[in-house]
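Descriptive structure summary
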2 protein chains.
Amino acid sequence: MIFKEELKKKAVLVGEALDRFLPKPDTYPPLIHQAMRYSVMGGGKRLRPALVLAAAETVGGSAADVLPAACAIELIHVYSLVHDDLPAMDNDDYRRGKLTSHKVYGEAMALLVGDALLTLAFKLLSECRGASPDAVVRVINEVAAGAGTLGLIGGQVVDTFSAGEAIEESTLEYIHRHKTGAMYRVSLRTGAILAGASDEELACLTEYAEHMGLAFQIKDDILDIEGDEKKLGKPVGSDVRNKKATYPALFGLDQSKEKARLAAGKATAALSKFGREADFLRALVKFVIERDF
Amino acid sequence: MIFKEELKKKAVLVGEALDRFLPKPDTYPPLIHQAMRYSVMGGGKRLRPALVLAAAETVGGSAADVLPAACAIELIHVYSLVHDDLPAMDNDDYRRGKLTSHKVYGEAMALLVGDALLTLAFKLLSECRGASPDAVVRVINEVAAGAGTLGLIGGQVVDTFSAGEAIEESTLEYIHRHKTGAMYRVSLRTGAILAGASDEELACLTEYAEHMGLAFQIKDDILDIEGDEKKLGKPVGSDVRNKKATYPALFGLDQSKEKARLAAGKATAALSKFGREADFLRALVKFVIERDF
């Protein structure tokens, strides 16, 4: 499998679906619908929705059936970025080489855009018609839990309010497991549950998600030091400037790379029960630690 | 029926349920859980959740079964207030006589508190175990639609971005129908759908909601001019100061009062198919236009 091509294919599928699911830009009130599209259609790796599709396919389901859920999880990711970029939070002017939402539409609109994307995400989840209502309710419960204060938002809170402080390994791990890890976990579980995974399949994919998410985050920290600004589409060194807790800051670069490799190995091992249908998830692990963007 | 006592009873029921459903104040990370409680447990009329309970009871269901949904709708109301109060929006220091969230916890936390309340709302909706999964999925879909850019947020956008401009009746009506009306409608429909209402019952309650919501909003506009600051728990005259579009600004006080009475009459008429079980909703209409807070 040529992983980058397959990821690209999934990203295109998700991008087309997002275009269908987002209100048209001239829907009243047009300004917010244009602003939502500005942030959502601005690219990105579409990694989380790709994980939803891949999880469904790995357990024998169809990507098409879980597309609304995949888009919902991408909308939650984008909402969290739009709010995170606001002046009250990280105060970032650029994201993926483009001006951030509040720089283009103002703070009030960026706030409302984030709210609207989060709300639309749950609307889309309730429209997964391919799955049983029981599975849909379960997925909504897991997504809300993963995006909430015991997941994504919890990680955001600890990250925001511990910036500049000396941080212990346990706090750093908490931030990573929650700020990014929770939604990777939810992405894989969402695709699997909607596609009718068995308990054992679900457990394997959950374990995969945890190790893969950790590898991804450590690599992200490493790229903020070693990466190429042009390839990343964002300035490097921002973690150091903002005194953010990172793996390299706590363990140094070499040990961080070793930790990423270790987590990647465990992620791959968690897939041992699956055959070729899990090849995308296997290739993803390799991509995660070798990527330069 | 002594309406105020019954409303108070429902508010107490909802308050106790919210206390159970919100994460405990010492749950990690504690600061956001304390901040969530500060905004949610700060009182308010609990009108929306009372409507959810009353709608369920009106169609023969039980209030206890729809409590999680009632609390979810209150959380969405509170999230919208917390974000609306932020400096980038209305920049209000006080709400119900108490400092607003960002004045106590800072802007970053108030932003995250709003996000967290909205997210928790959908988690609670997915935990309505008394109803069928089909009804739960339908309710989540309607709540997300009502809270989104074609409902609550749409009204917020038009309200925010038309402040200071000369406004036509159609725009004013749009703002009211969406910023407040949509969630009244959703409140009644949520209680009714979860309790297994017939299509006819649902249609009557929906019509009731639309007229009652309009009466409520016109009365709100009137109270901002004629009301007593102490009873309202907020300064009056803010609409005039902020050059907000209101019914009195467009039609004058007398005609606004007539419009409120007319809407109230239509709301009561929509209940004609129901017997004594709709007495709370009937009394509510009277309360809505006679209230002084």
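In this text the structure is predicted, and so the values were computed from the model without any measurement. (Residues numbered from 1 in each chain as written. Chains lettered and ligands numbered in written order. Predicted model: local features only at pLDDT ≥ 70, side-chain atom pairs only at ≥ 80, totals over all residues. Heavy atoms only, no water.)

So, about the overall build of chain A. Across its full length, chain A holds 15 helices and 2 strands. Compactness check: chain A gives a C-alpha radius of gyration of 18 Å against a globular reference of 19 Å for 293 residues, within 12% of the reference. The principal-axis extents of the C-alpha atoms in chain A amount to approximately 50 × 45 × 35 Å. A distance of 3 Å separates the average location of the 37 positive side-chain charges in chain A from that of its 41 negative side-chain charges. (Helix = DSSP H or I, 4+ residues; strand = E, 2+ residues; numbered from the N terminus. Rg over C-alpha atoms; globule rule 2.2 N^0.38 Å. Lys, Arg positive; Asp, Glu negative; His and termini not counted. Charge placed at Lys NZ, Arg CZ, Asp CG, Glu CD.)

Another point: a nonpolar patch on the surface. On the surface, Tyr-94, Leu-99 and Val-104 of chain A cluster together into a nonpolar patch covering about 270 Å² of accessible area. Structurally, Leu-99 of chain A can be placed in strand β2 (residues 98–99). (Patch = residues over 30% accessible without salt bridge, like charges linked within 9 Å, V, L, I, M, F, W, Y side chains within 5 Å. Areas by Shrake-Rupley, 256 points an atom, 1.4 Å probe, with all protein chains shown as cover. Salt bridge = Lys/Arg side-chain N within 4 Å of Asp/Glu carboxyl O.)

Let us now look at the packing of aromatic side chains. As enumerated under the stated definition, the model contains 13 aromatic pairs over all chains in all. One aromatic cluster is present, built from ring pairs that chain together Phe-3, Phe-280 and Phe-287 of chain A. Here the basic side chain of Lys-98 of chain B rests over the ring of Tyr-38 of chain B, its NZ or CZ set 3.9 Å away from the ring centre. Taking the ring centre of Phe-216 of chain B as reference, the NZ or CZ of Arg-291 of chain B above it sits at 3.8 Å. (Phe/Tyr/Trp six-rings, centres within 6.5 Å; stacked < 30°, edge-to-face > 60°. Lys NZ or Arg CZ within 6 Å of the ring centre and 35° of its normal.)

Here we take up unusual backbone geometry. Most peptide bonds take the trans configuration, and most residues that are not glycine carry a negative phi. Residue and element names in this part refer to chain A. For the peptide bond that leads from Tyr-28 to Pro-29, omega is -10 degrees, which places it in the cis range. With respect to the helices and strands, the residue Pro-29 is situated in the loop between α1 (3–21) and α2 (30–40). You will see that Asn-91, though not glycine, has its phi angle at about 55 degrees, which is positive. Structurally, Asn-91 is set in the loop between α4 (67–85) and β1 (94–95). One non-glycine residue, Arg-96, lies in positive phi territory at about 55 degrees.

Let's shift gears to the pattern of salt bridges. One pass over the structure, following the stated rule, counts 44 salt bridges over all chains. Glu-173 of chain B is the partner of Arg-177 of chain B in a salt bridge, and the nearest nitrogen-oxygen pair spans 3.3 Å. Of the two residues, Arg-177 of chain B and Glu-173 of chain B both sit in helix α9 (residues 169–194), 4 residues apart, roughly one turn of that helix. Relative accessible area serves as the criterion here: at 42%, Arg-177 of chain B is assigned to the partly exposed category. Of the residues examined, Glu-173 of chain B reaches a relative accessible area of 28% and is grouped as partly exposed. Look at the salt bridges and you will find they share partners, linking Glu-6, Lys-9, Lys-10 and Glu-57 of chain A into a network. (Buried < 20%, exposed > 50% of the residue type's maximum accessible area, 1.4 Å probe, protein only.)

Time to look at the packing of α1 of chain A against helix α3 (residues 47–58) of chain A. All names here are of chain A. Where α1 contacts α3, the two axes come as close as 9 Å, and the packing angle between them is 105 degrees. One finds that α1 runs roughly perpendicular with respect to α3. Two secondary-structure elements touch here, α1 through Leu-7, Lys-10, Leu-13 and Val-14 and α3 through Leu-47, Pro-49, Ala-50, Leu-53, Ala-54 and Glu-57. A class-by-class count of the residues in the contact of α1 with α3 yields 8 nonpolar, no polar and 2 charged. (Axes fitted to C-alpha atoms, helices over the stretch in contact; angles between N-to-C directions. Parallel < 35°, antiparallel > 145°, perpendicular 65-115°, else oblique. Contact = heavy atoms within 4.5 Å. Nonpolar A, V, L, I, M, F, W, Y, C, P; charged D, E, K, R; others polar.)

Superposing the two chain copies requires a rotation about an axis and a translation along that axis. With an RMSD of 0.0 Å, the operation that places chain B on chain A is a rotation of 180 degrees combined with a shift of 0.0 Å along the axis. In symmetry terms, the pair is related by a two-fold rotation axis. For chain B, the smallest separation between a C-alpha atom and the rotation axis is recorded for Pro-133 of chain B, amounting to 2.7 Å. Both copies present the same face, since 98% of the interface residues in chain B are matched by interface residues at the equivalent positions in chain A. (Least-squares fit on C-alpha atoms with pLDDT ≥ 70 in both.)

Nonpolar side chains tend to gather and get buried jointly when the protein is soluble and globular. Formed by 182 residues in total, the largest nonpolar core has its most connected members in Tyr-208 of chain A together with Tyr-208 of chain B. Dropping the residues within four chain positions of it, Tyr-208 of chain A is found in contact with Leu-188, Ala-267, Ala-270, Leu-271, Leu-281, Leu-284 and Val-285 of chain A. (Core = buried A, V, L, I, M, F, W, Y, C linked by side-chain atoms within 4.5 Å.)

One widely used convention gives an interface's size as the accessible area the parts lose upon coming together. Each partner contributes to the interface: chain B provides 45 residues, whereas chain A provides 44 residues. In this assembly, chain B packs against chain A so that about 3800 Å² is buried in total across both faces, 78% of it on carbon and sulfur atoms. Counting every contact that joins chain B to chain A gives 8 residue pairs in polar contact (both at pLDDT 80 or more). Of all elements in the fold, only α2 (30–40), α4 (67–84), α6 (107–125), α7 (133–147) and α8 (152–162) of chain B reach the threshold of two or more residues within the side of chain B that touches chain A. If one sorts the elements of the side of chain B that touches chain A by residue count, α6 of chain B sits on top with 11 residues. (Buried area = accessible area lost by both parts, 1.4 Å probe. Polar contact = N/O pair within 3.5 Å; in protein donor to acceptor, adjacent residues only side chain to side chain.)

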